[in-house]
Structure formats: C-alpha cells, structure tokens
Amino acid sequence: FSDYMKEWLESISNTKAKTTIGGYESNVLSIICPYFEQKQISLKDLKTIDLQDFYDYQYSLNKKARTVKHYHDNIHKALEKARKTKLIDTNPADDCELEKPAQFIPTVYSAKEMTNFLEKLKGTTLETPVLITSFLGLRRSETLGIKWNRINFEENTITIAHTVTITTISKKRLVIKKDITKNDSSYRTLPMPPILKEYLQILREKQKEDKKFFGNSYQNKDNYVCVNMEGKLILPDTFTKGFAKFLKDNNLKKIRVHDLRHTVGSLLINNGSTLREVQEWLGHSNVQTTEIYTHLDSNTKIHSANVIESLFAPVY
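In this text the structure is predicted, and so the values were computed from the model without any measurement.

## Some words on helix α2 (residues 18–39)
Compared with an ideal rise of 1.5 Å per residue, which puts 22 residues at 32 Å, α2 spans 30 Å between its outermost C-alpha atoms and is within 8% of the ideal. Taken together, the buried positions of α2 are I21, G22, Y24, E25, N27, V28, I32, C33, Y35 and F36. Where the residues of α2 are buried, they touch α1 (2–11), α3 (48–60), α4 (65–84) and β3 (162–169). Directly after α2, the chain includes Q40, whose backbone phi takes a positive value near 55°.

## What about the nonpolar core?
One finds F117 and L200 to be the most contacted residues of the largest nonpolar core, which totals 59 residues. Where this core is concerned, the elements lending two or more residues are α5 (111–121), α6 (127–136), β2 (157–160), α8 (194–214), α9 (236–249), α10 (258–270), α11 (275–282) and α12 (298–312). No other element matches the six residues that α8 contributes to this core. Once residues within four sequence positions are removed from consideration, F117 is found in contact with Y109, V130, F243, F246, L247, L252 and L260. If you look at the next biggest cluster of nonpolar residues, it comprises 30 residues, including Y4, V28, Y71 and A78.

## Comments concerning unusual backbone geometry
One non-glycine residue, N156, adopts positive backbone phi at about 60°. With respect to the helices and strands, N156 occurs in the loop between β1 (151–152) and β2. Here N156 falls in the partly exposed class, since its relative accessible area comes to 28%.

## Comments concerning the packing of α2 against α4
As a packed pair, α2 and α4 sit with axes 10 Å apart at the nearest point and diverge in direction by 95°. With respect to α4, the element α2 is oriented roughly perpendicular. On α4, the residues that touch Y24, N27, V28, I31 and I32 of α2 are H70, Y71, N74, I75 and K77. Grouping the amino acids of the contact of α2 with α4 by side-chain chemistry returns six nonpolar, three polar and one charged.

## Concerning the packing of α2 against α3
Between two packed helices, both the angle of their axes relative to each other and the distance between the axes serve to describe the pair. In contact at an axis separation of 12 Å, α2 and α3 are set at 120° when each is read in the N-to-C sense. One way to sum up the angle between α2 and α3 is to call them oblique. Helix-helix and strand crossings are classified by hand; for α2 and α3 the assignment is right-handed. Across the interface between the two elements, I31, I32, Y35 and F36 of α2 pack against D50, L51, D53, F54, Y57 and Q58 of α3. In the contact of α2 with α3, the residues fall into seven nonpolar, one polar and two charged.

## Examining empty space enclosed by the protein
Applying the stated criterion across every chain, the model contains one cavity of 30 Å³ or more. The volume enclosed by the largest cavity comes to roughly 30 Å³. E142, G145, I146, K147, R150, T159, I160, A161 and H162 are the residues that line the largest cavity. Tallied by class, residues from the lining of the largest cavity come to three nonpolar, three polar and three charged.

## Things to note about the packing of aromatic side chains
If you walk through the whole model with that rule in mind, you get 14 aromatic pairs. With a centroid separation of 6.1 Å and an interplanar angle of 45°, the aromatic rings of F54 and Y71 are classed as tilted. Of this pair, F54 sits in helix α3 while Y71 sits in helix α4, and the two are 17 residues apart along the sequence. No difference in accessibility class separates F54 from Y71, as the two residues are buried. Aromatic side chains F117 and F246 sit 6.0 Å apart centroid to centroid with 65° between the ring planes, which places their arrangement in the edge-to-face category. Pair noted here: F117 is in helix α5 and F246 is in helix α9, with a separation of 129 residues, a long-range link. No difference in accessibility class separates F117 from F246, as the two residues are buried. One aromatic cluster is present, formed by F1, Y35, F36, F54, Y55, Y57 and Y71 through successive ring pairs.

## Side note on the sheet that holds β2
Hydrogen bonding along the main chain pairs the strands of a sheet, whether they run parallel or antiparallel. The strand order across the open sheet built from three strands is β1-β2-β5, with neighbouring strands paired in antiparallel fashion. Each having just a single partner strand, β1 and β5 (188–191) make up the two edges of the open sheet. Bridge count for β1 against β2 is two bridges, and the pairing is antiparallel. Bridging across to β2, N152 finds its partner in T157.

What counts and how
- Residues numbered from 1 in each chain as written.
- Predicted model: local features only at pLDDT ≥ 70, side-chain atom pairs only at ≥ 80, totals over all residues.
- Heavy atoms only, no water.
- Helix = DSSP H or I, 4+ residues; strand = E, 2+ residues; numbered from the N terminus.
- Expected span 1.5 Å × (residues − 1).
- Buried < 20%, exposed > 50% of the residue type's maximum accessible area, 1.4 Å probe, protein only.
- Contact = heavy atoms within 4.5 Å.
- Core = buried A, V, L, I, M, F, W, Y, C linked by side-chain atoms within 4.5 Å.
- Axes fitted to C-alpha atoms, helices over the stretch in contact; angles between N-to-C directions.
- Parallel < 35°, antiparallel > 145°, perpendicular 65-115°, else oblique.
- Nonpolar A, V, L, I, M, F, W, Y, C, P; charged D, E, K, R; others polar.
- Left-handed = near helix turned anticlockwise from the far one by under 90°.
- 1 Å grid on protein atoms, 1.4 Å probe; cavity = no way out; pocket = protein on both sides within 12 Å on 5 of 7 lines; lining within 4 Å.
- Points joined across faces, edges and corners; volume = space filled by probe spheres on them.
- Phe/Tyr/Trp six-rings, centres within 6.5 Å; stacked < 30°, edge-to-face > 60°.
- Pairing = 2+ DSSP bridges.

As structure tokens, then:
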C-alpha cells in the first residue's frame, strides 16, 4: 500500500497545481508512507480497520481533525483510483470515521487595535504588504501578486488577477507565480480608497528612484508592487515571519497575516456592510452560499471601500 501511494502521487504530479502537489507530497511521503511501510500491508489486503487505526494514531499525537482529514482525502483519492482501475474491488476508506473539525474562529483586531497597529507599522519594510492587505482584505498570495499594471490610478481601481505562493516539491522550495482565471471568484476589481491611492502613488515614485539608483542590479522585472529597495519580491514566508516578529517586538496581540483579512471582514460587518457586500469585497466563494450571494455592482463595493477608508483615516 505504501508503494502504491508513492506511485499514485507520481501519477498525478502533472495533473494538479504545484501547490496542491506540494501539499499532497508532504502528507504522503512524510506521514502516510512511513506509517504503512512499518505495517507492510499490501494494497489488496488493506482494510478499513487499518486506515482507522492510522487516523486514531494521528489523533493520539494531537493532530488537528482538519489535518487528519487531509490525510484521509489523499488516501481516499488514491484508493478510489485503485478501485476504478480494478486493482481493488472496494475502497476501504469509504467507511472510516473521522472526528469533525472544530469550527475555526479567527483572532481579529478591533478598529482601535488596527489603527494602533498601523501607526506602529509606518516606515517599516512590512508597511506596503500589510497596508494593502488591511485596506483590501486580500489573501497573502493576492497581496504579494499585485502588479503595477493592475492598478488604475485614473479609474481608482485595483484588479486582483495574480498570486504568489510557495511550495516544496521533491525537497525543493518553489515560488509559484500564476494568473487568476477570470471565472474564479478570486478574480475581482476593487475600488481604491483615496488613502491607499496616495500611498501607492508615493511608493511608485520611490521605486522609480530605487530603480535608477540600483541600475541593472534592480530585480523587479515583473513589475510587482511588494518589493524591497533592491526590487526583490517579498515572498510569502518572509512576509509571515516578519509579520510575527513585528507583533512580538512591539508587544501587539498575536494574529496571523490571514487574520488581517478576517479583521477587514469583521470591521465591514460591524460598520454596516451587508454579508453580500463583504463576500464580494473579499472575493470569497462558498459552495453552501453560492446561490444566495449574487454578483454586486461597483456601487456596493464603493460602500465597502468608504467604510475601510473611514476606519483607517486617523492613521493615514
């Protein structure tokens, strides 16, 4: 079974996104295979109880229910392929019982905590990605993926159309840069609040000066917004680690980078935005609510932009 899991992983390596494969590889090669290699269970002899024992063992290690579910999803997909290709008659993963993942409740900042945080952040290397994330409620990958040609200073809009992520495949760390497809809810154009517009205009001029100073050694060939003085793209893990260190050094309440996105949603709701407006602003797609939330026109997005503008105005 362990050998089969490795073969399955290899068979799908060219059919999934690299970030997906990176996650699968981590689960299969680091967790699933080492466990079953010790058991020496053949694919055809694998039973539901064998898988259930594996899941229960993971729970005993205090693995989160959501994490164990990821293991199960990988195993189930692999065994389903084995069933369809007649290597086995039934899928033993079908009848496994998993703990229900606990509802995730994010830690968010209040409006007062947020303005205090942004005040301390001024002038630091994290200011640009954090400010963009805080105003627009973006995912980390979306913030770092913003390019200057997607910012329209005449129409005051920013289009979220590109992402930057990191994954590890075959022990190699890979930076994944890709465009978001237009039929994805993540692809969206947002109004640019005046404060953010002014900040970005000043930043653009500063980056032009940096480019002149560093000349041919300036690295920002792809026109990204979130770069350091030398034009080097700020990577996801660099952003995350720097963010955590900044909070600790300044004795601020501990939150994750992604909690800035949750904070924006919370602040919008608490200041009069509707659920539909927030869903459109954040580009969130939920299978259970897709039929409820319809596409909103630009006027409703402007309401969300105005709310964020009013909340952060004391700082900028």
